[in-house]
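Take a look at the letters that make up each chain.
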Amino acid sequence: MTIERKVGMGIAGQPSGATDVAEVFSTFLYTAGSAERKVNGIDLAGEGGMVWTKSRTSTGNHRIQDTVRGTSASGHYKNLQTNLSDAEGTQGGITTFHSDGYSIDNSSSVTDWNTGSNNYVSWTFRKKEKFFDVVTYTGNGVQGREIAHGLAGPVGMILVKSLNFGGVPYDWSVYHQSAGGTKRLKLNSTDAEQDNDGFWYDTNATSTHFTVGNAASTNSSGKTYVAYLFADNSAEDADDQMIKCGSYTTDGSGNASINLGWEPQ
């Protein structure tokens, strides 16, 4: 089944004809220039979501900005670097979210978004049930703390980051359904998975909430956090799937073939 056929079927569990994948996800390529509006067809102003940006032709950081955390005094939406454990930054990148994309400027502080003649890619995820959600919360240090979310379906992966603190204790924490609530990975590190109930309290995420322990990276008292949640439609019929999260094992030569059951965008 091609993606063109698939997009007409709507997200799993949604009303008939509700949403095409092109309305909730975009891979967008652009070349740096003047202050520009990036039109990718995603309603970020009305529905909310996240934009992940990376230069394709120069070194630089991966940057995430979203509609939930808001803007700084500079007028830019606050950003996080997925390859680093730093606290959120307040300079550069997106200045406005629109009903059909977003705008960035070309000031000296936008190295990772709009510099020189560099080429960039941005991945946009719009908030939508059974697809993607963004939530923020303040930690309380209590084991077993439940954080509500709006996926209304199986959770495939969660990325959590402290907003106001950086450094090793505040690495990005990754929850993945393949490992469950007993393990966590670091998004900004090549470390193997860790087994510690301080991250997810050894509890699997549900369709309404995920659980955290008392680790600094997920639930330190008084610290603020953001969580990016990606759904998983693997339990649905193949024709109704739109997003999948899984794992694979390579062969003796380090190769693997992953069968999604449908053509990815």
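Note that the structure is predicted; figures quoted are calculated from it, not measured.

Trainee: Is there a simple way to explain the nonpolar core in this structure?
Mentor: A general trend in soluble globular proteins is that nonpolar side chains are found buried together. Formed by 38 residues in total, the largest nonpolar core has its most connected members in Ile 158, Phe 210 and Tyr 228. Among the elements of the structure, strand S3 (49-55), strand S9 (132-138), strand S11 (155-162), strand S12 (173-176), helix H3 (197-200), strand S15 (209-212) and strand S16 (224-231) are those that each provide at least two residues to this core. Element by element, the count of residues in this core is highest for S16, at 7 residues. Beyond its immediate stretch of four places on either side in the chain, Ile 158 contacts Ser 173, Val 174, Tyr 175, Ala 205, Phe 210, Ala 227, Tyr 228 and Leu 229. In this structure, Tyr 30, Ile 104, Val 110 and Tyr 120 belong to the second largest nonpolar core, which totals 14 residues.

Trainee: Hey, could you run me through the pattern of salt bridges in this one?
Mentor: A pair can form between side chains of opposite charge whenever their charged atoms are brought close. Throughout the structure, instances matching the rule amount to 8 salt bridges. Note that Asp 112 and Arg 63 form a salt bridge whose closest N and O atoms lie 2.7 Å from each other. Taken as a pair, Asp 112 in the loop between strand S7 (101-104) and strand S8 (119-126) and Arg 63 in strand S4 (residues 63-66) lie far apart in primary sequence, 49 residues in all. Arg 63 carries the same exposure label as Asp 112, and that label is buried. The closest approach of N and O atoms between Asp 66 and Arg 69, which form a salt bridge, is 2.7 Å. Here Asp 66 matches Arg 69 in class, with each residue buried.

Trainee: In this structure, what is going on with the environment of Ser 217? I would like to understand it.
Mentor: With respect to the element layout, Ser 217 can be found in helix H4 (residues 216-219). Counting along the chain gives 65 residues from Ser 217 to Ala 152, while the straight-line C-alpha distance between them is 25 Å. Setting aside residues no more than four positions away along its own chain, Ser 217 makes contact with Val 160, Ser 162, Pro 169, Tyr 170, Asp 171, Ser 173, Arg 184, Phe 199 and Tyr 225. At a separation of 2.8 Å, a polar atom in the side chain of Ser 217 contacts the side chain of Ser 173.

Trainee: Could you clarify how one ought to interpret a negative patch on the surface in this entry?
Mentor: The grouping of Glu 193, Asp 195, Asp 197 and Asp 202 at the surface amounts to a negative patch. Along the chain, Asp 197 turns up in helix H3. In this structure Asp 197 comes out as partly exposed when scored by relative accessible area, which is 33%.

Trainee: What am I meant to see in the sheet that holds strand S6 (residues 94-98) here?
Mentor: Each strand in a sheet pairs with another by means of backbone hydrogen bonds, the pair being arranged parallel or else antiparallel. If you walk across this open sheet you meet the 3 strands as S2-S7-S6, and the pairing is antiparallel. Sheet topology places strand S2 (36-39) and S6 at the edges, where each strand pairs with a single neighbour. Put simply, the sheet's adjacent strands are angled 20° from each other on average, direction ignored. The pairing of S2 with S7 spans 4 bridges and is antiparallel. Its bridge partner lying in S7, Val 39 is registered against Gly 101.

Trainee: Honestly, the environment of Thr 31 in this entry has me stumped. Any pointers?
Mentor: Mapped onto the elements of the fold, Thr 31 is located in strand S1 (residues 25-31). Distance from Thr 31 to Ser 117, taken between C-alpha atoms, is 6.3 Å for residues 86 residues apart in sequence. If we skip the residues at most four places from it in the chain, Thr 31 touches Glu 36, Ser 117, Asn 118 and Asn 119. For Thr 31, the side chain forms a polar contact with the side chain of Asn 119, separated by 2.8 Å.

Trainee: Teacher, can you tell me more about the packing of aromatic side chains here?
Mentor: We describe a pair of aromatic rings using the distance from one ring centre to the other and the angle between the two ring planes. Within this structure, the stated rule accounts for 15 aromatic pairs. Arranged with centres 5.4 Å apart and planes meeting at 40°, the rings of Phe 125 and Phe 132 form a pair that is tilted. On the basis of relative accessible area, Phe 125 is assigned to the buried category, the value being 13%. Between the aromatic rings of Tyr 137 and Phe 210, the centroid separation amounts to 6.2 Å while the plane-to-plane angle is 70°, which identifies the pairing as edge-to-face. One end of the pair, Tyr 137, is in strand S9; the other, Phe 210, is in strand S15, and 73 residues separate them in sequence. For Tyr 137, a relative accessible area of 7% gives the class buried. Exposure remark for Phe 210: the relative accessible area of 1% places this residue in the buried category. Members of the aromatic cluster, each reached through a chain of ring pairs, are Phe 25, Phe 125, Phe 131, Phe 132, Trp 172, Tyr 228 and Phe 230. Residue placement shows Lys 223 over the ring face of Phe 165; its charged tip is 4.8 Å from the ring centre.

Procedures and definitions
- Residues numbered from 1 in each chain as written.
- Predicted model: local features only at pLDDT ≥ 70, side-chain atom pairs only at ≥ 80, totals over all residues.
- Heavy atoms only, no water.
- Core = buried A, V, L, I, M, F, W, Y, C linked by side-chain atoms within 4.5 Å.
- Buried < 20%, exposed > 50% of the residue type's maximum accessible area, 1.4 Å probe, protein only.
- Helix = DSSP H or I, 4+ residues; strand = E, 2+ residues; numbered from the N terminus.
- Contact = heavy atoms within 4.5 Å.
- Salt bridge = Lys/Arg side-chain N within 4 Å of Asp/Glu carboxyl O.
- Polar contact = N/O pair within 3.5 Å; in protein donor to acceptor, adjacent residues only side chain to side chain.
- Patch = residues over 30% accessible without salt bridge, like charges linked within 9 Å, V, L, I, M, F, W, Y side chains within 5 Å.
- Areas by Shrake-Rupley, 256 points an atom, 1.4 Å probe, with all protein chains shown as cover.
- Lys, Arg positive; Asp, Glu negative; His and termini not counted.
- Charge placed at Lys NZ, Arg CZ, Asp CG, Glu CD.
- Pairing = 2+ DSSP bridges.
- Axes fitted to C-alpha atoms, helices over the stretch in contact; angles between N-to-C directions.
- Phe/Tyr/Trp six-rings, centres within 6.5 Å; stacked < 30°, edge-to-face > 60°.
- Lys NZ or Arg CZ within 6 Å of the ring centre and 35° of its normal.

In short, the description is geometric, and any link to function would need to be established separately.
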